[in-house]
Amino acid sequence: MFSYAQWVPWVSSFLGAVTGFCLYVYIKNRFIFGLPESPAKIVISLLTLLLLSGGLAIAGYLDGLAAWLIMIFGICIIGEALRIVRVRNLKIEDEESENRAGERAKWITTTELQVLRYRLPVAADWSRPLRIVHTSDWHFSPKLPHSYWQRVVETLAQAEADLLFLTGDFVTHARDARFISEYLSRELARLGTFAVLGNHDYWEQPDEIRSHLTSAGVTLLTNTSVLLDPLPGTPLLICGCDDPWGSESWQPPRAPYQCIKLCLSHTPDNIYRLSGWGADAVFSGHFHAGHVRFPFLGALLIPSAYGRRFVHGHFRVNQTHLYVSAGIGSVVPSQRILCPPDIMIIDLVPAHLTDDNIRVGEGIGREPVGDHR
Ligand SMILES: [Fe+2]
């Protein structure tokens, strides 16, 4: 049997490995993910993991370093606690979801498409709500079956959108760009489909992807904006922000005195700048909701300067609402674990219609959804 004195180095070594892993997650999310895809990125990532986790495990085993490791581990725990508090302040748990049964029953959720519904009161004098359908990160690829892509498009068609927003990463490899025209050429929104590109699109062949989107009838908003008058009354300004990718950086567009300002941004990391501009709502993807989630821990690896702050769902930053989609497709690993793809349906409800007698979709021939404010 080990004596107490013999246990100490091993416990300390384990603590070192865990601490090293926490530091690795921090560095990977904030810095390594931002590097362009290349073999060097994989090497850097593995070396960082090995040096931090392995190095601190060895350090923990050595005499006299346990106290230092406990201190570093304590800082990690305090950091995590602060993160949880901050996310609680920003996150709004208001979605009404369909198909959650699949998420609960299965670990592998690659094609377990979820539909998440939201209802957002807006200061507009429209006579009815305006329906936005938002999807992201299609990552078109023949690895997922044709029946799945068809089901996604059919679900979009049934959502009866006024506006369809697609927030980037249409492909992982340029050779699959043909799928864009194949699946997205159908008219899926009454007032049009708008899109921005994602990092994978920029890392592949953005011009080819742009040309497939344009031929599918999608309006690209690369650091530009459009002013629409979708319903009599308040106009709608929709802009796209491609930062930090692309050759030019986003500049705040001029907006009429009174309008609803919406913005598409592949990464949620632009939220503070867009909120400062006065966006009413921002639509993003990029994180795949983590792609792989762990029981109790949730998603760990998120390519964001804010770590796991905006991983998925509905947030409010100052006066701006942020909707972060889990996306549709799959990358590496090719399976989503405990992390289903989703489509977000957001009804912008004029504030003067938000009494209990009004149901979203009423009066425009749509299936009403329940109130869940
Ligand atoms: Fe993506």
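Above this note sits the structure.
Here the structure is a predicted model, which is why all the values come from computation and not from measurement.

Enquirer: How should I be thinking about the coordination of the iron ion in this particular structure?
Expert: Geometry reference: four tetrahedral donors at a metal, ideal angle 109.5 degrees. Six octahedral donors, ideal angles 90 or 180 degrees. Bound to the iron ion on the protein side are Asp137 (OD), His139 (NE2), Asp169 (OD) and His288 (NE2), at distances that span 2.1 to 2.3 Å. Considering all four donor atoms around the iron ion, angles at the metal cover 85 to 178° and the coordination shape is irregular. Read in sequence order, the donor residues for the iron ion give the motif D-x1-H-x29-D-x118-H. With a gap of 119 residues between them, Asp169 in the loop between strand 5 (163-167) and helix 6 (178-184) and His288 in the loop between strand 11 (281-284) and strand 12 (293-294) connect regions that are remote in the sequence. His288 matches Asp169 in its accessibility class, with the two residues each being buried.

Enquirer: Looking at this structure, how should I read the pattern of salt bridges?
Expert: Pairing between side chains of opposite charge can happen when their charged atoms approach one another. Overall, the coordinates contain 10 salt bridges when judged by the stated rule. Between Arg308 and Glu80 there is a salt bridge, with the nearest N and O atoms lying 2.7 Å from each other. Note that Arg308 is positioned in the loop between strand 13 (298-299) and strand 14 (313-317) and Glu80 in helix 3 (residues 66-90), a separation of 228 residues in sequence. Overall, the relative accessible area of 13% leaves Arg308 in the buried class. Classification of Glu80 by relative accessible area gives partly exposed; the value is 27%. Salt-bridge contacts for Arg131 lead to Asp347; the nearest nitrogen and oxygen are separated by 2.7 Å. Taken together, the positions of Arg131 in strand 4 (residues 130-135) and Asp347 in strand 16 (residues 342-350) put the pair 216 residues apart, joining distant regions of the chain. With relative accessibility at 3%, the residue Arg131 sits in the buried group. Taken together, the salt bridges that share partners define one network made up of Glu80, Arg83 and Arg308.

Enquirer: Please clarify how unusual backbone geometry should be interpreted in this entry.
Expert: Most peptide bonds adopt trans geometry, and most residues besides glycine take a negative phi value. Looking along the chain, the bond that leaves Asp243 and enters Pro244 is cis, with omega of 5°. Mapped onto the elements of the fold, Pro244 is located in the loop between strand 9 (236-241) and strand 10 (260-265). Notably, His139 is not glycine yet its phi reads approximately 45°, a positive angle. You can see His139 is positioned in the loop between strand 4 and helix 5 (146-158). Residue classification places His139 among the buried residues on the basis of a relative accessible area of 1%. Phi angles above zero are rare outside glycine, and Ala289 is one such case at about 55°. Mapped onto the fold, Ala289 is located in the loop between strand 11 and strand 12. Owing to a relative accessible area of 1%, Ala289 belongs among the buried residues under this scheme.

Enquirer: Looking at this structure, I do not really get the sheet that holds strand 16. What am I missing?
Expert: Hydrogen bonding along the main chain pairs the strands of a sheet, whether they run parallel or antiparallel. In spatial order, the strands read 2-3-16-4-5-6-7; together these seven strands make up an open sheet with mixed pairing. Of all strands in the sheet, those bounded by a partner on one side alone are strand 2 (96-98) and strand 7 (218-220). Here the average twist between neighbouring strands, direction ignored, is 25°. Pairing analysis gives five bridges linking strand 4 to strand 16, with the strands arranged antiparallel. Within the sheet, the bridge partner assigned to Leu130 lies in strand 16 and is Leu348. Along the sheet face, helix 5 touches strand 3 (114-122), strand 4, strand 5 and strand 16 and points at about 10° away from the line of strand 16.

Enquirer: Looking at this structure, how should I read helix 8 (residues 206-215)?
Expert: Count 3.6 residues to each turn of an α-helix, and residues three or four apart come out pointing the same way. Among all positions in helix 8, only Pro206, Ile209, His212 and Leu213 are buried. The buried residues of helix 8 occupy one face: seen down the axis, they fall within an arc of 125°. In helix 8, the exposed residues that point more than 90 degrees away from the buried face are Asp207, Thr214 and Ser215. If you follow the buried residues of helix 8, they end up packed against helix 6, helix 7 (199-203) and strand 7.

The rules behind these values
- Residues numbered from 1 in each chain as written.
- Predicted model: local features only at pLDDT ≥ 70, side-chain atom pairs only at ≥ 80, totals over all residues.
- Heavy atoms only, no water.
- Donors = N, O, S within 2.8 Å, 3.2 Å for Na, K, Ca; no water.
- Tetrahedral: all angles 85-135°; square planar, octahedral: opposite > 155°, others 65-115°.
- Helix = DSSP H or I, 4+ residues; strand = E, 2+ residues; numbered from the N terminus.
- Buried < 20%, exposed > 50% of the residue type's maximum accessible area, 1.4 Å probe, protein only.
- Salt bridge = Lys/Arg side-chain N within 4 Å of Asp/Glu carboxyl O.
- Pairing = 2+ DSSP bridges.
- Axes fitted to C-alpha atoms, helices over the stretch in contact; angles between N-to-C directions.
- Contact = heavy atoms within 4.5 Å.
- Arc of directions from axis to C-beta.

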